[in-house]
Amino acid sequence: MGVLLAVAVASGLPAQGRVPPEVAAVVEQLADSAAAVGLPVEPLREKAIEGGAKGVPGERVIAAVRSLVARLGQAAAAARAAGLAKPGAEVIEAGAFALNAGLDRREVEALVRRSRPPYTPAATLRVAGTLAALGVPAVETAQLVEQAMDAGETPGELLDLPQQVERGVARGASPGAAAAGLGLGRATAPGLTQPHGSPQGPQGQGQGKGQSHKP
Amino acid sequence: MKMEYHPLVKQLLDGELTFANLPPELRAEGEQALRWVGAIDRTPVAFPAALDERVMAQVRRHAKSPAGRAWRWLLGSREIDIRFHVRPWAALGLAAAAAVAFVVVRPRFETAALRAPTYVRFIFYAPGARTVSVAGSFNQWDAAAAPLVPTASPGVWTTTVALPLGQHQYAFLVDGVRWVTDPTAPTVDDGFGQRNSVVAVAAQDGGGRAL
């Protein structure tokens, strides 16, 4: 009981009143194991809290957290294989997100390897993950991001890729076709009018204040 | 002493009922209440005529005290002239030092800017909804943390949330029971058989921007 209470206090999960103590205890064990191999633990706690907030049964919350541990581990392994001796939490989390969005480990590894300055692995993986989450097939996603870096796009232009694909989709193109049109460097996809790498500045800049998240 | 009267007796005391309207079983209580109220001394309070003078004497005594004068001197405003006699070589030296300080300190400000949150506006169309909120990894999935408010356009709800750098998953909670993804945002599997919407805030130009 004392151990359980200590776990509860340390994790802060039951303090939220939304995660049953027995689930919190298992999550903390998983978090300890993850931390021991250099994985970030905050996403695990967040996933448990999310499950509690959504009223998900405890065993399903634990299964989701286990799955997330595995994904974080895969992302960390991919980053290490790409040459990052000790990948940071940001890179690992971005890699896990890209994996969850549909990329595979080899694609994550390739993107990390190609992310040399001025590009950062975390930003590259986020862009790729967001493209995949938009529905761009994983292979085309990886190709598009790599082509953009090869073409010397600025990091800001790289961040623009998801919005450019969204614009193409809004005009009737499929996500894959919109991405393919961008990759060709010209507006070939149905409904696409803005060529890839056009000088139009990214939207919502200016210290990032007061942006609208696409309604 | 704590006394709780029957509501009808309270109405009697408030003048909303007459004694004749009171049910017979409450009349004893009503009489007692009226006696209590009647016993209250309603004589207007009259202050002695010298009170004003005594208060003002205290104020004047405080105003004359050295501590009071010092306090007012500290807080008061006055004009002062400050003149510098600067030699040109010293001015150049100061300018160089300021430039070095700017170069050293500026990156710290830029780092702080990167940590500054980016404000993202969420807009959701939910006609007929009674409440809408947005919960996600940025607010510990607390549905009470970011309620949306209805706009002038019927069915359109909105709120603005400060998001830190990073990838965030979220969903809208409609009427406190129904989790709904953002139809205009990318989505990923939430691990529980549903999907979460995704918004990413990336560092750019010393600040942040949503992907």
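Summarised in this report is the structure supplied together with it. Remember, it's a predicted structure, so these values are computed and weren't measured experimentally. (Residues numbered from 1 in each chain as written. Chains lettered and ligands numbered in written order. Predicted model: local features only at pLDDT ≥ 70, side-chain atom pairs only at ≥ 80, totals over all residues.)

**Focus on the overall build of chain B**
From N to C terminus, chain B includes five helices and nine strands. Along chain B, helices and strands appear, N-terminal first, in the series α-α-α-α-α-β-β-β-β-β-β-β-β-β. A buried classification covers 24% of the 211 residues belonging to chain B. Taking all contacts inside chain B whose residues are at least 6 apart in sequence as the whole, residues at least 24 apart take part in 52%. (Helix = DSSP H or I, 4+ residues; strand = E, 2+ residues; numbered from the N terminus. Buried ≥ 20, exposed ≤ 12 C-beta atoms within 10 Å, placed from the backbone. Contact = placed C-beta atoms within 7 Å.)

**Some words on the overall build of chain A**
Helix and strand content of chain A: 10 helices and one strand. Buried positions account for 50% of the 215 residues belonging to chain A.

**Details of the environment of A:Glu46**
By the secondary structure assignment, A:Glu46 is in helix α3 (residues 42-53). Sequence-wise, A:Glu46 and A:Val65 are 19 residues apart; in three dimensions their C-alpha atoms are separated by 9.2 Å.

**Quick word on the nonpolar core**
Residues and elements named next belong to chain A. Counting residues in each nonpolar core, the largest one holds 87 residues, and the members touching the most others are Val65, Ala98, Ala128 and Leu131. Take this core: its biggest share by element is 11 residues, from helix α4 (residues 58-81). In contact with Leu131, not counting residues within four places along its chain, are Val136, Thr141, Leu144, Leu161, Pro162, Val165 and Ala179. (Core = buried A, V, L, I, M, F, W, Y, C linked by C-beta atoms within 7 Å.)

**Concerning the pairing of strand β5 (residues 166-174) of chain B**
Residue and element names in this part refer to chain B. Within β5, eight of the nine residues are buried, leaving the element largely enclosed by the surrounding structure. Where strand β2 (residues 132-136) meets β5, five bridges bridge the pair, whose relative direction is antiparallel. Bridge pairing links Gly136 to Tyr170 in β5. Two strands pair when backbone bridges link them, and β5 and strand β6 (residues 178-180) are joined in this way by three bridges, in the antiparallel orientation. Its bridge partner being in β6, Leu173 is matched across the sheet by Trp179. Connecting β5 to the antiparallel partner β6 that follows it, the hairpin turn spans three residues, and Asp175 within it adopts a positive phi of roughly 55°. (Pairing = 2+ DSSP bridges.)

**Let's talk about unusual backbone geometry**
Of the consecutive residues A:Pro117 and A:Pro118, the connecting peptide bond is found in the cis state with omega at 15°. Along the polypeptide, A:Pro118 turns up in the loop between α6 (105-114) and α7 (121-134). The backbone phi angle of B:Trp141 is positive, close to 55°, even though this residue is not glycine. With respect to the helices, strands and loops of the structure, B:Trp141 is situated in the loop between β2 and β3 (149-150). Given 24 C-beta atoms within 10 Å, B:Trp141 falls into the buried group. The residue B:Asp175 is not glycine, and still its phi comes out positive at about 55°. Of note, B:Asp175 is situated in the loop between β5 and β6. According to the C-beta neighbour criterion, B:Asp175 is exposed, with 12 such atoms within 10 Å.

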